Amino acid sequence: MAQNVYTGFHAVEERVRRYAAEKAHAGTLSVYYAKPGPRIKKIISLAKEAGIACTETDDEALGQLVSALPKEARDHRGIVLVAYEQQEKAKNLVQLDQWLSLCPETATVVMLDSVTDPHNVGAILRSCDQFGASLLILPERRGASDVQDNEIIARTSAGSSAYVPTAVVSNLVRAAEMLKQAGFWIYGADADGSPLQKTVFDKKTCLVMGSEGNGISRLLSKQCDTVVSIPTCGKIDSLNVSVAAGVLLYERHRQILAGTID
């Protein structure tokens with residue numbers, strides 16, 4: 001079973017917290033640390049309470065553990081979490097058809113089309129967690145869902161990837177069709193859409209975010225029931241996709257809290 005390595009205080013702590021509630025799985029994790037400060041001591045305490053193995057080592061050994069990670073993820077800051085990849089994935093991934101069979105009456109789904117930068121995926125996961133998104137859908141291809149991107153996604157999400165259900169699908173168009181059959185209204189995000197302030201989201205809402213370069217693909221855009229835009233006043237063409245997703249998710253969450261959605 002392949003191992004996966006995580007760095008960053010948020011990503012490590014949130015995974016430890018989640019596994020603390022599922023002690024039967026503690027054996028799939030190991031924590032390695034050096035020169036523990038207050039933040040690391042807190043994580044170690046949580047890990048030991050959950051029965052997770054904690055080993056004190058040195059910076060050189062930690063450097064070896066993270067040497068195969070992308071450059072951005074090698075800044076371990078004195079603590080590294082090693083997890084068996086198959087077990088870790090099983091906690092985050094869901095099957096779309098099974099998820100739809102248990103979907104609540106009010107649900108928010110975010111679908112990413114060709115968003116290849118794992119930093120953007122991580123930031124979107126963080127917004128999904130903060131604004132109560134029910135599911136993130138990623139494409140099997142042409143997107144940042146590969147194992148090699150997981151460390152950056154986990155780090156950028158500040159640990160949110162430990163909580164947000166995620167479905168990786170082979171065909172986004174088919175996934176959109178399944179959502180519509182389950183009663184979802186599909187909202188595509190595009191600069192030429194209807195203004196966000198005039199949009200009242202449906203109880204079952206799917207927000208489709210396209211790549212910054214090409215937007216939503218032609219076939220997927222045909223599945224969108226509505227196209228929505230975020231009014232801006234800047235001099236550049238558009239918002240970063242993760243920022244745009246955050247704005248849309250905030251407005252969706254605001255409408256739910258305000259009781260605007262019937």
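Note: the structure precedes this text.
In this text, all values refer to a predicted model and were calculated from it rather than measured experimentally.

### What about the sheet that holds strand β9 (residues 204-210)?
Piece 1. With parallel pairing, six strands are arranged side by side in an open sheet as β7-β6-β5-β9-β8-β10. Two strands in the sheet have a free side with no partner beyond their single neighbour: β7 (166-169) and β10 (226-229). Taken over all neighbouring pairs, the strand axes of this sheet differ in orientation by 30 degrees on average, direction set aside.
Piece 2. When strand β8 (residues 185-195) meets β10, the two strands line up parallel, connected through five bridges. Bridge pairing in β10 links P195 to S229.

### Some thoughts on the nonpolar core
Piece 1. Ranked by internal contacts, the top residues of the largest apolar core, which has 25 residues, are V110, L112, C128, L136 and M209.
Piece 2. Those elements that provide at least two residues to this core are β5 (107-113), α6 (118-130), β6 (135-139), β8, β9 and α10 (241-258).
Piece 3. Examining the composition of this core, we find that five residues originate from one element, α10, more than from any other.
Piece 4. In terms of nonpolar packing, the next biggest core, distinct from the first, is built from 23 residues, L172, A176, M178 and L220 among them.

### Details of the packing of aromatic side chains
The description of an aromatic ring pair rests on the distance of the ring centres and on the angle between the ring planes.
Piece 1. Applying the stated criterion to the full structure yields three aromatic pairs.
Piece 2. A centroid spacing of 4.9 Å and a plane angle of 70 degrees characterise the contact between Y187 and F201, whose relative ring orientation is edge-to-face. Placement of Y187 in strand β8 and of F201 in the loop between β8 and β9 is noted, with a sequence separation of 14 residues between them.
Piece 3. Assessed through its relative accessible area of 2%, F201 is described here as buried.

### What about the side chain of N120?
Piece 1. With respect to the helices, strands and loops of the structure, N120 is situated in helix α6.
Piece 2. The exposure class of N120 is buried, given its relative accessible area of 10%.
Piece 3. Beyond its immediate stretch of four places on either side in the chain, N120 contacts V115, E212, N240, V241 and S242.

### Brief notes about helix α1 (residues 9-20)
Piece 1. Helix length check: α1, at twelve residues, gives a terminal C-alpha distance of 16 Å against a target of 16 Å (1.5 Å per residue), a fit within 8%.
Piece 2. Along α1, the positions that sit buried rather than exposed are F9, A11, V12, E13, R15, V16, R18 and Y19.

### Quick word on the pattern of salt bridges
Piece 1. One pass over the structure, following the stated rule, counts eight salt bridges.
Piece 2. Notably, a salt bridge pairs R174 with E177, separated by 3.5 Å at the nearest N-O pair. In this pair, R174 and E177 are both assigned in helix α8 (residues 172-181), three residues apart and thus about one turn of the helix distant.
Piece 3. Exposure remark for E177: the relative accessible area of 29% places this residue in the partly exposed category.
Piece 4. A salt bridge links R254 to E251, with the shortest nitrogen-to-oxygen separation between them at 2.8 Å.

### A closer look at the environment of L100
Piece 1. Residue position: L100 is located in helix α5 (residues 96-101).
Piece 2. You can call L100 buried: its relative accessible area is 15%.
Piece 3. Counting along the chain gives 79 residues from L100 to L179, while the straight-line C-alpha distance between them is 7.6 Å.
Piece 4. Apart from residues no more than four positions distant in its own chain, L100 is found in contact with M178, L179, A182 and F184.

### A closer look at the packing of α6 against α10
Piece 1. Following both chains from N to C, one finds α6 and α10 inclined at 10 degrees, their axes separated by 8 Å at the closest point. One way to sum up the angle between α6 and α10 is to call them roughly parallel. For the pair formed by α6 and α10, the contact residues are N120, A123, I124, S127 and C128 on the first element and V241, S242, A245, G246 and L249 on the second.

Calculation notes
Residues numbered from 1 in each chain as written. Predicted model: local features only at pLDDT ≥ 70, side-chain atom pairs only at ≥ 80, totals over all residues. Heavy atoms only, no water. Pairing = 2+ DSSP bridges. Helix = DSSP H or I, 4+ residues; strand = E, 2+ residues; numbered from the N terminus. Axes fitted to C-alpha atoms, helices over the stretch in contact; angles between N-to-C directions. Core = buried A, V, L, I, M, F, W, Y, C linked by side-chain atoms within 4.5 Å. Buried < 20%, exposed > 50% of the residue type's maximum accessible area, 1.4 Å probe, protein only. Phe/Tyr/Trp six-rings, centres within 6.5 Å; stacked < 30°, edge-to-face > 60°. Contact = heavy atoms within 4.5 Å. Expected span 1.5 Å × (residues − 1). Salt bridge = Lys/Arg side-chain N within 4 Å of Asp/Glu carboxyl O. Parallel < 35°, antiparallel > 145°, perpendicular 65-115°, else oblique.

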